[in-house]
Amino acid sequence: MSHKRLGEILTVFGRVGLTHLKEKKAPLDDQTTPVKLRLAFELLGPSFVKIGQILSTRSDLLPENYVRELEKLQDDVPPMPKDVALSAIEKELGQPFSAVFSKLEEEPLASASVAQTHRARLLDGQEVIVKIQRPNLAAQTREDLTLLVKLARRIPASWIPMVDLPKVLSQLQASIEAEIDFRNEAQHLRDFARENADIACIGVPKVFEDFTTSQMLVESYIPGIRINHYQELLAAGYDLEDMGQKLMLSFIKQVFKDGYFHGDPHPGNLIIHEGKIFFIDFGIMGHLEEGIRITLNDILTSFTSQDVDGMTRAVLAMTTSEKQVNMTQLGRDIERMMTRYGSINLGLLSLSDLVEDLLQIFQKHDLQADPSITILGKAALQIEGVFRELAPDVDLMTLAKKYFMENMKTDILSQVLNRDTLLIELLYLLRNGKSIPRRLNQLMEQILNGRILINHDTVDYPARFHQVQKLANRLVLSILFLALILGSSLLSFQERQQGLATLLLTGAGILFIWLLTLILQSEKKGK
């Protein structure tokens, strides 16, 4: 089967032109490789569509133009016939459908690359949603990903520029395994319900654990109105501005307090029912560790106070890099970004734009952030779009500031001053603090004796040293050139040394041409 599938993959890649790439020197936005990749994924079926969709959430691994193109992958695919869906459901139940359900709607509510959902009714009368995975999808996805990894190791780097394919695909494996196992989504539902149990305006469907497996999820059906059906909401007596504020405050809490947020809150996943906002479809979730949440707070604080140094420190704290970071250029890029926002009214400030700009800076400087930051950027864009439609007159930053002032003081303090942090700082102080008086005394003696040394770290030292080395080499060649010219000139006055003078002059000419070539090449590279 793998050989046949490999042949299909290569055929499709060839059909869209992925095996004849000559775009290494093309500008990033003009490259057609991302478009070809998306077309190939669409032609190769549901497993490749899911791989592409997960790739589109990893801007820490892919350049921006690949992410943007893969986001266009269509998730609407033809539904499975009812008998195929019914057979798959019975396989997961391990018993006849009629032993658990009294009804199954033939027309699916949604049909996606991984699964489709049907409305159903349990024998006790409860209305539920059954999410059933496409048969053989998990096995097919694993096989396709394995084949892609093998192919990636044989593809020349110049074929798909700026993408380390083997690294990207190997890091993707765990994400795909997690997403096609519906038990993880069921756990997301339970965790989200627990985190928001005390929030009266937020609702979550109930999971029916007895009927949930790795390939089937059964949860309560939520009747109601989609959050972007504004006329229906108004007719039902809802205050749109109030719903918008509740939605945004819930998202701020999810991100900054819980560190656990819904990763795909588009309007189709937000249902208004009995005065509550119900979040549904928990396939994608974002999880922010405590350190990242603290850093996000630092970023917002630095941003509002226009503190470039503080923002730079926060960016470096949030990311890692395998290369040396040009601190000067990073600071300039951050200052340029903050200056651009400085003239904008805070009420018009877009948090999603801020996250997007930060991600672009990360990418420009080869800084790797946690994948949840990418998910946060997309989720913020979706939530903010809904919020501005529901509550166009509400100042987003004022709303966020009010929430932080009322709810986050103790949380931020507890994050910074928790027991583990205090113990670490105390141990550091005990280990190093005892030497402070001695070091201060040594410093004073060095200052008084005029023996103090100041070490200065040069930014981008290897590149600068290379430049100095090239200048020194050219200086040596220039001196040799002048010496040869001078020597040949002196020898030319002596009849017996004419041959040697000519030889030195020829050497000087060759040296001059070499030196001129080096200078011209250097200027060409500089342009």
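Preceding this section is the structure that the text describes.
None of the values given here were measured: they were computed from a predicted structure. The residue numbering used here restarts from 1 in each chain and proceeds along that chain's sequence as written. Note on the predicted model: pLDDT of at least 70 is required for a residue's local features to be given, and 80 or more for side-chain atom pairs to be given and counted; whole-chain, interface and lining totals, by contrast, use all residues. As a rule here, side-chain values cover all heavy atoms of the structure and leave hydrogens and water aside.

(A) Summary view of helix H10 (residues 240-258). Look at H10: 26 Å from first C-alpha to last across 19 residues, which is about the 27 Å you get at 1.5 Å a residue. Counted as a polar contact is a pair of N or O atoms within 3.5 Å, where, for protein atoms, one must be capable of donating a hydrogen and the other of accepting one, and residues adjacent in sequence contribute only when both atoms are in side chains. Helix numbering and strand numbering both begin at the N terminus, where a helix is a DSSP run of H or I of at least 4 residues and a strand a DSSP run of E of at least 2. Between a side-chain oxygen at the N-terminus of H10 and the backbone nitrogen of Glu241 the separation is 3.1 Å; the capping residue is Asp239. Here a helix's expected span is defined as the number of its residues, less one, multiplied by 1.5 Å.

(B) Layout of the side chain of Glu219. The topology assignment puts Glu219 in strand E6 (residues 216-220). Relative accessibility under 20% of the residue-type maximum defines a buried residue, over 50% an exposed one, and the middle range a partly exposed one, all with a 1.4 Å probe and only protein chains included. When charges are counted, Lys and Arg contribute as positive and Asp and Glu as negative, whereas His and the chain ends are disregarded. The term salt bridge refers to a pairing of a side-chain nitrogen on Lys or Arg with a carboxyl oxygen on Asp or Glu at a separation within 4 Å. With no salt bridge to any partner, buried Glu219 finds its closest opposite charge in Lys131, at an N-O distance of 6.9 Å. Every residue pair with non-hydrogen atoms within 4.5 Å of one another is taken to be in contact. Every residue in contact with Glu219, bar those within four places of it in the chain, is listed here: Val128, Ile129, Leu189, Pro205, Lys206, Val207 and Phe208.

(C) Representation of the packing of H10 against helix H15 (residues 371-390) within the structure. Here the axes come from fitting lines to C-alpha atoms, over the contacting stretch only for helices, and the angles between their N-to-C directions go from 0 to 180 degrees. Remark: H10 packs on H15, axes separated minimally by 8 Å, with the N-to-C direction vectors making an angle of 160°. Compared by their axis directions, H10 and H15 come out roughly antiparallel. Both H10 and H15 take part in a crossing whose hand is left-handed. On H15, the residues touching Leu240, Glu241, Met243, Gly244, Gln245, Leu247, Met248, Phe251 and Val255 of H10 are Leu376, Ala379, Ala380, Ile383, Glu384, Val386, Phe387 and Leu390. Tallied by class, residues from the contact of H10 with H15 come to 13 nonpolar, two polar and two charged. For classification purposes, an angle smaller than 35 degrees is called roughly parallel, one larger than 145 roughly antiparallel, one from 65 to 115 roughly perpendicular, and anything else oblique. Take the far helix as your reference; a near helix turned counterclockwise from it by less than a right angle gives a left-handed crossing, and one turned clockwise gives a right-handed crossing. Polar here means any residue outside two lists: the nonpolar Ala, Val, Leu, Ile, Met, Phe, Trp, Tyr, Cys and Pro, and the charged Asp, Glu, Lys and Arg; Gly therefore counts as polar.

(D) Spatial organisation of the sheet that holds strand E9 (residues 270-273). Think of it this way: DSSP has to see at least two bridges between two strands before they count as a pair. Spatial ordering of the open sheet is given by E5-E10-E9-E7, a layout of four strands whose pairing is mixed. The outermost strands of the open sheet, each flanked by one partner alone, are strand E5 (202-203) and strand E7 (225-226). Sheet topology note: the E5/strand E10 (residues 276-279) ladder contains two bridges and is parallel. Each residue of the ladder has a partner; that of Gly203, found in E10, is Phe278. Lying over the sheet, H10 contacts E5, E9 and E10, oriented at roughly 50° with respect to E10.

(E) View of the packing of aromatic side chains. Within 6.5 Å between ring centres, the rings of Phe, Tyr and Trp (the latter by its six-membered ring) count as paired, and their orientation is classed by plane angle as stacked under 30 degrees, edge-to-face over 60, tilted in between. In the structure shown here, the tally under the stated rule is six aromatic pairs. Centroid distance Phe41 to Phe48: 5.2 Å. Interplanar angle 65°. Geometry classified as edge-to-face. Accessibility expressed as a relative area gives 3% for Phe41, which makes it buried. One aromatic cluster in this structure is built from Phe97, Phe101 and Phe211. We call a charge positioned above a ring when the Lys NZ or Arg CZ atom is no farther than 6 Å from the ring centre and deviates by at most 35 degrees from the ring normal. Directly above the aromatic system of Tyr221 lies the positively charged group of Arg119, at a separation of 3.9 Å from the ring centroid. For the cation-ring pair, Lys131 lies above Phe182, with the distance from its terminal atom to the ring centre recorded as 5.0 Å.

(F) View of the nonpolar core. As used here, the term nonpolar core means buried Ala, Val, Leu, Ile, Met, Phe, Trp, Tyr and Cys residues forming a set that is joined through side-chain atoms within 4.5 Å. Residues Met311 and Phe362 are the most contacted members of the largest nonpolar core, which totals 103 residues. Broken down by element, this core gets its largest block of residues, nine residues, from H15. For Phe362, the contacting residues outside a window of four places in its chain are Val315, Met318, Thr319, Leu367, Ala369 and Ile373. The next biggest cluster of nonpolar side chains, apart from the first, holds 17 residues, and it includes Met80, Ile89, Leu104 and Val128.

(G) Local environment of the pairing of strand E4 (residues 127-133). Here E4 lies mainly inside the structure; six of its seven residues are buried. Turn length for the strand E3 (residues 115-122)-E4 hairpin, with the two strands adjacent in sequence and antiparallel, is four residues, and the turn residue Gly125 shows positive phi of about 95°. Bridge analysis of E4 against E6 gives five bridges, and the strand direction is antiparallel. The residue bridging Val130 from the neighbouring strand is Val218, located in E6.

(H) The arrangement of the side chain of Asp258 in detail. With respect to the element layout, Asp258 can be found in helix H10. By relative accessible area, Asp258 is classed as buried at 13%. Here the side chain of Asp258 touches Lys253 through a polar contact of 2.5 Å, side chain to side chain. If we skip the residues at most four places from it in the chain, Asp258 touches Glu195, Asn196, Lys253 and Arg293.

(I) Quick look at the environment of Leu316. Its location among the elements puts Leu316 in helix H12 (residues 308-318). For the pair Leu316 and Phe362, spaced 46 residues apart in sequence, the C-alpha to C-alpha distance is 9.4 Å. Residues contacting Leu316, with those up to four places away along its chain left out, are Val325, Met327 and Leu330.

(J) Examining a nonpolar patch on the surface more closely. The grouping of Phe512, Ile513 and Leu516 at the surface amounts to a nonpolar patch, some 290 Å² of accessible area in total. The exposure class of Ile513 is exposed, given its relative accessible area of 55%. Patch membership needs two things, relative accessible area over 30% and no salt bridge, and members are linked within 9 Å if like-charged or within 5 Å if nonpolar (Val, Leu, Ile, Met, Phe, Trp, Tyr). Using the Shrake-Rupley algorithm and a 1.4 Å probe, accessible areas are obtained, with residue cover drawn only from the displayed protein chains.

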